[in-house]
Amino acid sequence: MQHWLFKSEPDVFSFEKLKTLGKKGTQWDGVRNYQARNNMRAMQIGDLGFFYHSNEGLNVVGIVEVCALAHHDSTTEDPRWECVDVRAVRDVPSPPTLDEIKANPKLSKMVLVNNSRLSVQPVTREEWEEVCRMGGVTPAP
DNA sequence: GCCAACGTTGGC
DNA sequence: GCCAACGTTGGC
């Protein structure tokens, strides 16, 4: 199983909103970046990801699970763009902020720190466990 | 609201 | 295939 990080502006689509959609979740649409798309293509059912709030909050607020493999993004006609479906799994009790993540030497290689503009990112197992620990998520799912 | 960083586009 | 121009993202 691999781990990921999904970024969204809470004004546009928040973790609270995803929670209201329940087990079915929703497609992670609107991605128009090849790297982010390729990350989604690599995802498997059951992969877990962090839900990060950008622009406002700047913190990891929740954990999501991939519940559908990459498929065409219905918000565009362009066949190049695909997306997975995700659903909310659980809250992160004390959401780690970008500042805290940047300040943690164990997380200095995180894509979030080094390429903040990539909207769908891979997260290593070590990073996953560390951010879970910081957020009070136990045990790390 | 600004601006730096990055990705994409399109002319050559 | 290069690179300047442009648009977007996201932290500040």
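Scroll up a little and you will see the structure.
Cut-offs applied
- Residues numbered from 1 in each chain as written.
- Chains lettered and ligands numbered in written order.
- Predicted model: local features only at pLDDT ≥ 70, side-chain atom pairs only at ≥ 80, totals over all residues.
- Heavy atoms only, no water.
- Pairing = 2+ DSSP bridges.
- Helix = DSSP H or I, 4+ residues; strand = E, 2+ residues; numbered from the N terminus.
- Near = heavy atom within 4 Å.
- Polar contact = N/O pair within 3.5 Å; in protein donor to acceptor, adjacent residues only side chain to side chain.
- Nonpolar A, V, L, I, M, F, W, Y, C, P; charged D, E, K, R; others polar.
- Buried < 20%, exposed > 50% of the residue type's maximum accessible area, 1.4 Å probe, protein only.
- Arc of directions from axis to C-beta.
- Contact = heavy atoms within 4.5 Å.
- 1 Å grid on protein atoms, 1.4 Å probe; cavity = no way out; pocket = protein on both sides within 12 Å on 5 of 7 lines; lining within 4 Å.
- Points joined across faces, edges and corners; volume = space filled by probe spheres on them.
- Core = buried A, V, L, I, M, F, W, Y, C linked by side-chain atoms within 4.5 Å.

**Observations concerning the pairing of strand S5 (residues 82–91)**
Here comes step 1: Pairing of strand S2 (residues 26–27) with S5, which is carried by two bridges, proceeds in the antiparallel orientation. Bridge pairing in S5 links Thr-26 to Val-86.
Here comes step 2: Pairing geometry for strand S4 (residues 59–72) and S5, over eight bridges, is antiparallel. Note that in S5 the partner of Ala-68 across the bridge is Asp-85.

**Comments concerning the protein's contact with DNA strand C**
Here comes step 1: Taken together, Lys-7, Tyr-52, Ser-54, Asn-55, Leu-58, Leu-98, Lys-102, Ser-116 and Arg-117 make up the full set of residues adjacent to DNA strand C.
Here comes step 2: Contacts to DNA strand C include Asn-55, whose backbone N or O atom sits 3.0 Å from a phosphate oxygen.
Here comes step 3: Contact distances for DNA strand C include 3.1 Å between a phosphate oxygen and a side-chain N or O atom of Lys-102.
Here comes step 4: Of the residues assigned to the surface near DNA strand C, the class counts are three nonpolar, three polar and three charged.

**A short note on the sheet that holds strand S3 (residues 48–53)**
Sheets are built from strands paired through backbone hydrogen bonds, the pairs being either parallel or antiparallel.
Here comes step 1: Judged by pairing direction, the sheet is mixed, and its six strands sit side by side in the order S2-S5-S4-S3-S1-S6 without closing on themselves. A strand with exactly one partner marks an edge of an open sheet, and here the two such strands are S2 and strand S6 (120–123).

**Points about helix H2 (residues 34–41)**
Here comes step 1: Looking only at H2, the buried set comprises Ala-36, Arg-37, Asn-39 and Met-40. For H2, the buried positions fall inside an angular range of 155° around the axis, keeping them on one side.
Here comes step 2: On its buried side, H2 packs onto strand S1 (3–8), S4, S5 and S6.
Here comes step 3: At the N-terminal end of H2, a side-chain oxygen is found 3.0 Å from the backbone nitrogen of Gln-35, two or three residues along, and the residue is Asn-33.

**So, the environment of Lys-109**
Here comes step 1: Along the chain, the position of Lys-109 falls in the loop between helix H3 (98–103) and helix H4 (111–114).
Here comes step 2: Along the primary structure Lys-109 and Ala-36 are separated by 73 residues, whereas in three dimensions their C-alpha atoms are 18 Å apart.
Here comes step 3: Excluding residues within four positions of it along the chain, Lys-109 makes contact with Asn-114 and Glu-127.

**What to know about the protein's contact with DNA strand B**
Here comes step 1: Surveying the vicinity of DNA strand B reveals the residues Asn-33, Tyr-34, Gln-35 and Arg-117.
Here comes step 2: Among the atoms of DNA strand B lying within 4 Å of the protein, the sugar-phosphate backbone contributes 50%.
Here comes step 3: Arg-117 is positioned with one of its side-chain polar atoms (N or O) 2.4 Å from a base oxygen of DNA strand B.
Here comes step 4: Residues of the surface near DNA strand B, tallied by class, amount to one nonpolar, two polar and one charged.

**What to know about the layout of surface pockets**
Gaps left between atoms show up when a probe the size of a water molecule is rolled over them.
Here comes step 1: Considered as a void within the structure, the largest pocket measures approximately 280 Å³ in volume.
Here comes step 2: The wall of the largest pocket is formed by 13 residues, among which Lys-7, Ser-8, Glu-9, Trp-28 and Asp-29 lie closest to the centre.
Here comes step 3: If you list the elements that add at least two residues to the lining of the largest pocket, you get S1 and S2.
Here comes step 4: A breakdown of the residues in the lining of the largest pocket according to their chemical character gives four nonpolar, six polar and three charged.

**So, the nonpolar core**
Here comes step 1: Phe-6, Trp-28, Met-40, Met-43, Phe-51 and Val-120 are the most contacted members of the largest nonpolar core, which has 19 residues in total.
Here comes step 2: For this core, the secondary-structure elements that each account for two or more residues are S1, helix H1 (15–20), H2, S4 and S5.
Here comes step 3: When neighbours within four sequence positions are excluded, Trp-28 is seen to be in contact with Phe-6, Lys-7, Ser-8, Phe-13, Met-40, Phe-51, Cys-83, Val-84, Val-86 and Val-120.
Here comes step 4: Ranked by size, the runner-up nonpolar core spans 17 residues in total, among them Leu-48, Val-123, Val-131 and Val-137.

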